[in-house]
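Understanding the architecture of this molecule
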Amino acid sequence: MNLSPSVAQWAREWRGPMLRFAMLHIQPREEAEDAVQDALAAILGTDPATLAQTDLKRYLFGILKHKITDRLRGKYRPEVGYSEAFADDLDNVLFNARGHWVDGVAPSSWRTPEDQLHTDQFFAVVDICVQKLPPKTARVFSMKEFLECEADEVCATLGLSKADYWQCMSRARKQIQLCLHQNWFEGVTP
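Residues numbered from 1 in each chain as written. Predicted model: local features only at pLDDT ≥ 70, side-chain atom pairs only at ≥ 80, totals over all residues. Heavy atoms only, no water.

**Focus: the overall build of the protein chain**
Along the backbone of the protein chain there are nine helices and zero strands. Shown N-terminal to C-terminal, the secondary structure of the protein chain runs as helices and strands in the order α-α-α-α-α-α-α-α-α. Burial status across the protein chain gives 29% buried among its 190 residues. For the protein chain, restricting intrachain contacts to residue pairs at least 6 apart in sequence, the fraction spanning at least 24 positions comes to 64%. Summed over its atoms, the accessible surface of the protein chain is roughly 12600 Å², and 55% of this surface lies on carbon and sulfur atoms. (Helix = DSSP H or I, 4+ residues; strand = E, 2+ residues; numbered from the N terminus. Buried < 20%, exposed > 50% of the residue type's maximum accessible area, 1.4 Å probe, protein only. Contact = heavy atoms within 4.5 Å. Areas by Shrake-Rupley, 256 points an atom, 1.4 Å probe, with all protein chains shown as cover.)

**A short note on the packing of aromatic side chains**
Tallying each qualifying case throughout the model produces five aromatic pairs. With a centroid separation of 6.1 Å and 85° between ring planes, the pair formed by W14 and F61 is classed as edge-to-face. Taken together, the positions of W14 in helix α1 (residues 5-25) and F61 in helix α4 (residues 56-76) put the pair 47 residues apart, joining distant regions of the chain. W14 gets classed as buried once you look at its relative accessible area, which sits at 18%. Ring centres 6.1 Å apart and planes at 70° place the aromatic pair F21 and F61 in the edge-to-face group. Within this pair, whereas F21 is found in helix α1, its partner F61 is found in helix α4, the two being separated by 40 residues in sequence. Judged by relative accessible area, which is 11%, F21 ranks as buried. What links up through ring pairs into an aromatic cluster is the set W14, F21, F61, F141 and F146. (Phe/Tyr/Trp six-rings, centres within 6.5 Å; stacked < 30°, edge-to-face > 60°.)

**A short note on the layout of surface pockets**
A volume near 690 Å³ is recorded for the largest pocket. At the level of secondary structure, the elements contributing two or more residues to the lining of the largest pocket comprise α1, α4 and α6 (113-131). Taken together, the residues of the lining of the largest pocket break down into seven nonpolar, two polar and eight charged. (1 Å grid on protein atoms, 1.4 Å probe; cavity = no way out; pocket = protein on both sides within 12 Å on 5 of 7 lines; lining within 4 Å. Points joined across faces, edges and corners; volume = space filled by probe spheres on them. Nonpolar A, V, L, I, M, F, W, Y, C, P; charged D, E, K, R; others polar.)

**Overview of the packing of helix α7 (residues 135-145) against helix α9 (residues 162-185)**
For the pair α7 and α9, interaxial distance at closest approach is 9 Å and the crossing angle is 90°. Between α7 and α9, the crossing angle belongs to the class labelled roughly perpendicular. For the pair α7 and α9, the contacting residues are K136, T137, V140, F141, K144 and E145 in the first and D164, Y165, C168, M169, A172, R173 and I176 in the second. In the contact of α7 with α9, the residues fall into seven nonpolar, one polar and five charged. (Axes fitted to C-alpha atoms, helices over the stretch in contact; angles between N-to-C directions. Parallel < 35°, antiparallel > 145°, perpendicular 65-115°, else oblique.)

Geometry only, nothing functional implied.
Structure (structure tokens):
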């Protein structure tokens with residue numbers, strides 16, 4: 001399989017940060033590496049026109065997030081199948097008879113480039129703040145906020161009690177709040 005030079009270079013550039021993110025959630029390292037490889041392989045099947053119009057980092061980390069979540073759920077939760085009836089019900093909720101979005105459920109409009117840059121910079125600072133957390137606290141916070149796992153799933157996955165979970169979340173929020181105050185809201189660069 002032949003990679004375009006830009007995609008190959010981009011994959012080399014982001015593999016390390018992706019692996020660090022995956023290792024927060026998946027152990028052993030080989031499992032995390034597999035999730036990263038799956039995410040990198042997924043980009044190969046993406047239309048180049050789509051890649052040209054998107055933030056590649058956000059796109060690839062979005063794929064990685066789903067690969068991690070799938071692996072965690074596969075380990076700790078039985079697979080649930082969805083019937084065609086469920087898909088039809090969902091379509092009826094989201095779309096009207098003419099196939100148009102129902103009012104209030106359509107995806108929101110795109111932001112301006114300035115808004116997007118501001119948001120990207122903010123989340124880069126958040127990422128730095130999360131990386132500064134102790135490993136256990138970072139793992140709990142990241143599973144809850146980035147992977148959108150429920151508290152019970154985080155506890156089951158990491159073998160935590162509810163009290164330990166809430167303590168980690170409280171500490172993470174306080175430390176991230178302080179970090180953001182120092183590195184974002186005060187205007188100091190991290």
